[in-house]
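Coordinate inspection notes
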Number of protein chains: 2
Amino acid sequence: MKLGAIEAGGTKFVCAIGDEEGSIFEKIVIPTEAPEITMPKVYEFFKGKGIERMGVGSFGPIDLNEKAGTYGQIQKTPKIDWIGFPLADSLSEKLGVPVTVDTDVNVAALSESRWGNATDVDTCLYITVGTGIGAGAVVNGQTLKGLSHPEMGHIGVRRHEEDSFSGACPYHQDCLEGMASGPAIEARWGKAGVELSEDPRVWEIEAHYLAQALVNYIYIISPERIIMGGGVMQQTHLFDLIRKKVVEMLNGYVSSPRLTEENINEYIVPPGLTNEAGVKGALGLAMK
Amino acid sequence: MKLGAIEAGGTKFVCAIGDEEGSIFEKIVIPTEAPEITMPKVYEFFKGKGIERMGVGSFGPIDLNEKAGTYGQIQKTPKIDWIGFPLADSLSEKLGVPVTVDTDVNVAALSESRWGNATDVDTCLYITVGTGIGAGAVVNGQTLKGLSHPEMGHIGVRRHEEDSFSGACPYHQDCLEGMASGPAIEARWGKAGVELSEDPRVWEIEAHYLAQALVNYIYIISPERIIMGGGVMQQTHLFDLIRKKVVEMLNGYVSSPRLTEENINEYIVPPGLTNEAGVKGALGLAMK
Ligand SMILES: Nc1ncnc2c1ncn2[C@@H]1O[C@H](COP(=O)(O)OP(=O)(O)O)[C@@H](O)[C@H]1O
Ligand SMILES: Nc1ncnc2c1ncn2[C@@H]1O[C@H](COP(=O)(O)OP(=O)(O)O)[C@@H](O)[C@H]1O
Ligand SMILES: [Zn+2]
Ligand SMILES: [Zn+2]
């Protein structure tokens, strides 16, 4: 069966045709401009290619409630041209196929669970630490949705005792994203993260917030693996700092062999897929 | 099909025989003593009754990892006689039927989703605020499990500015359970919660912690309904305090009609089932 897949991002739409094995036969990249400019190019690419279903991993927030009349519609976003755009319905109408949408982070989690670093588990969480902080999860083979979609990047965190930064989240100020996103690092230290690699204070504080978040995710979802991606995680030394703090904070409370000092390296890991993660995950969505 | 159900609690085992509609035909209550005393009575009750499957909602922690050799085994618990007891395997062996176990709070969530206050949604969360704080969830019809089982009662919370209580959790001191369980209330104020109904400071602080937890659950799982039970929630005025704070803390961030001031009364609710919740949920487990 031929399937359509779109990774709809804030800067580009990656569109692909593939199959149920995750093979990709054809792919193009279309810049994200206003819907009237971008979408006709998208329809054009897929038209007449014989796809039977389509999956879309979208920038957001996007309505994931299948019972709502607004399923697959882009919600309030800084990209104002897109607010209210019915992404799923318009694709489905133009191409005559069923369209499944999900958040970019849920799709990344799905992709890792099918083809990446979480193929051996049933439940995994993917977190990206970049311009924002977002996370998605796969629970028993399905992405985690509910009310609308999780906003895991905005949970409350406890302040590091040496941190007086007031926080950068426009909604909550000092939530996780407000304290630990790439822009938060830059606002706190006056320089972008990439220039701060050598300053241990930066990463001690960063790891303090990220580890707290992971501990909350473990307590609430108890994923069998956590995958960390995004620009800030390019500071690969962060992995060990975070792992160490997670083990300390859990303090042996959750008894699982995965959460010991010896095994934590295989519990908190970088992504297994790089370039094609988004579009492959969208194929995964189209499959169900 | 006849099904067996057990609500295995710290003080009593409620054992029942029922069917796939949730009807209960026969029920007994057996006190929880050491396994050698309690379990033979349990086997005796079910023997020869023609049950084909069994569900057990158990006090815990209990191993829920179906891939582990220790599935259904009681883990470290203050009831030391039960540590390491293979609850699922021993029932399955003695009665010759497949046994599914889950935590008491997951079973309560399942019960509410089948027969109680969450029959109209796919994803719900059940939290009990009593001697401890525990929560369980149903996601797309299945209870939420992963690594072992969630420990949602132990998430980190931010301190109320007028609260100097150091916290009562033996593992984390000032986690949610440490700050907001029944014993935490008692330790903070020198009196049990039931005697403090008239003191608004008590419930302001209590609601501050519980609302924070619900907000984190909303950000992480985004359940379509939250059901709050347990001894402390007998202070029914707490519901409105919590609802108000949840709406305030979310600050419009998660856009869902369920989370508005008008609709929050139907989002955060007491349990719909009372006496038979645990044992009915265990029937629900046996069904799958
Ligand atoms: N090597 C790096 N070290 C630290 N921070 C980085 C690095 N690369 C990118 N970042 C930060 O990550 C953020 C961009 O995140 P990224 O995941 O690349 O994009 P986005 O989140 O916008 O999709 C920026 O705030 C940037 O400063
Ligand atoms: N009406 C009440 N008001 C406030 N607190 C209560 C009330 N009833 C019970 N509690 C508290 O709830 C706790 C017991 O919780 P409960 O859910 O009844 O049992 P358990 O958690 O042990 O199963 C005790 O700490 C008790 O002080
Ligand atoms: Zn925020
Ligand atoms: Zn605790």
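What you see is a predicted model, and the numbers here were worked out from it, not measured in a lab. (Residues numbered from 1 in each chain as written. Chains lettered and ligands numbered in written order. Predicted model: local features only at pLDDT ≥ 70, side-chain atom pairs only at ≥ 80, totals over all residues. Heavy atoms only, no water.)

The next thing to look at is the relation of the copies chain A and chain B. Note on the identical chains: chain A maps onto chain B by a rotation of 180° and an axial translation of 0.0 Å, with an RMSD of 0.0 Å. As the rotation angle and translation indicate, the two copies are arranged about a two-fold axis. Taking C-alpha positions as the reference, the residue of chain A nearest the rotation axis is R158 of chain A, at 3.2 Å. Take the interface residues of chain A: 100% of them recur as interface residues in chain B, which is what a same-surface contact looks like. (Least-squares fit on C-alpha atoms with pLDDT ≥ 70 in both. Contact = heavy atoms within 4.5 Å.)

All right, on to the coordination of the zinc ion (ligand 4) then. Residues and elements named next belong to chain B. For the zinc ion (ligand 4), the full set of protein donor atoms is H154 (ND1), C169 (SG), H172 (ND1) and C175 (SG), and the range of their distances to it is 2.1 to 2.4 Å. Seen from the zinc ion (ligand 4), its four donor atoms lie at angles of 100 to 123°, and the figure they make is tetrahedral. Counting residues between consecutive donors of the zinc ion (ligand 4) along the chain gives the motif H-x14-C-x2-H-x2-C. Here H154 is found in the loop between strand 8 (142-143) and helix 4 (176-180), whereas its partner H172 is found in the loop between strand 8 and helix 4, with 18 residues between them in sequence. We note that H154, like H172, is buried. (Donors = N, O, S within 2.8 Å, 3.2 Å for Na, K, Ca; no water. Tetrahedral: all angles 85-135°; square planar, octahedral: opposite > 155°, others 65-115°. Helix = DSSP H or I, 4+ residues; strand = E, 2+ residues; numbered from the N terminus. Buried < 20%, exposed > 50% of the residue type's maximum accessible area, 1.4 Å probe, protein only.)

A separate point is the coordination of the zinc ion (ligand 3). Residues and elements named next belong to chain A. H154 (ND1), C169 (SG), H172 (ND1) and C175 (SG) make up the full set of protein donors to the zinc ion (ligand 3), lying at 2.1 to 2.3 Å. The coordination sphere of the zinc ion (ligand 3) comprises four donor atoms, whose angles at the metal cover 101 to 122°; the geometry is tetrahedral. In terms of primary sequence, the donors binding the zinc ion (ligand 3) are separated according to H-x14-C-x2-H-x2-C. Across the pair, exposure class does not vary: C169 and C175 are buried alike.

Put simply, an interface is often sized by how much accessible area is lost when its parts join up. Residue and element names in this part refer to chain A. Domain annotation of chain A identifies domain 1 (3-104 + 276-286) and domain 2 (117-271). Put simply, the middle of domain 1 and the middle of domain 2, counted by C-alpha atoms, are 28 Å apart. Taken together, the contact pairs nine residues of domain 1 with seven residues of domain 2. Taken together, the two surfaces of domain 1 and domain 2 that pack against each other cover about 590 Å², and 50% of this comes from carbon and sulfur. In this structure, the connection of domain 1 to domain 2 is made through one salt bridge. (Domains from an automatic or database assignment. Buried area = accessible area lost by both parts, 1.4 Å probe. Salt bridge = Lys/Arg side-chain N within 4 Å of Asp/Glu carboxyl O.)

Let's shift gears to the pairing of strand 4 (residues 53-58) of chain B. All names here are of chain B. Of all the six residues making up strand 4, five are buried; the element is thus mostly covered by neighbouring parts of the structure. Across six bridges, strand 1 (residues 3-8) lies against strand 4 in parallel orientation. Directly across from I6, in strand 4, lies its bridge partner V56. Bridge count between strand 4 and strand 5 (residues 99-103): five bridges; the pairing is parallel. Bridge pairing in strand 5 links V56 to V101. One crossover worth recording links strand 4 to the parallel strand 5 by way of helix 2 (residues 87-95), and it is right-handed. (Pairing = 2+ DSSP bridges. Right-handed = clockwise from strand over helix to strand, strands pointing away.)

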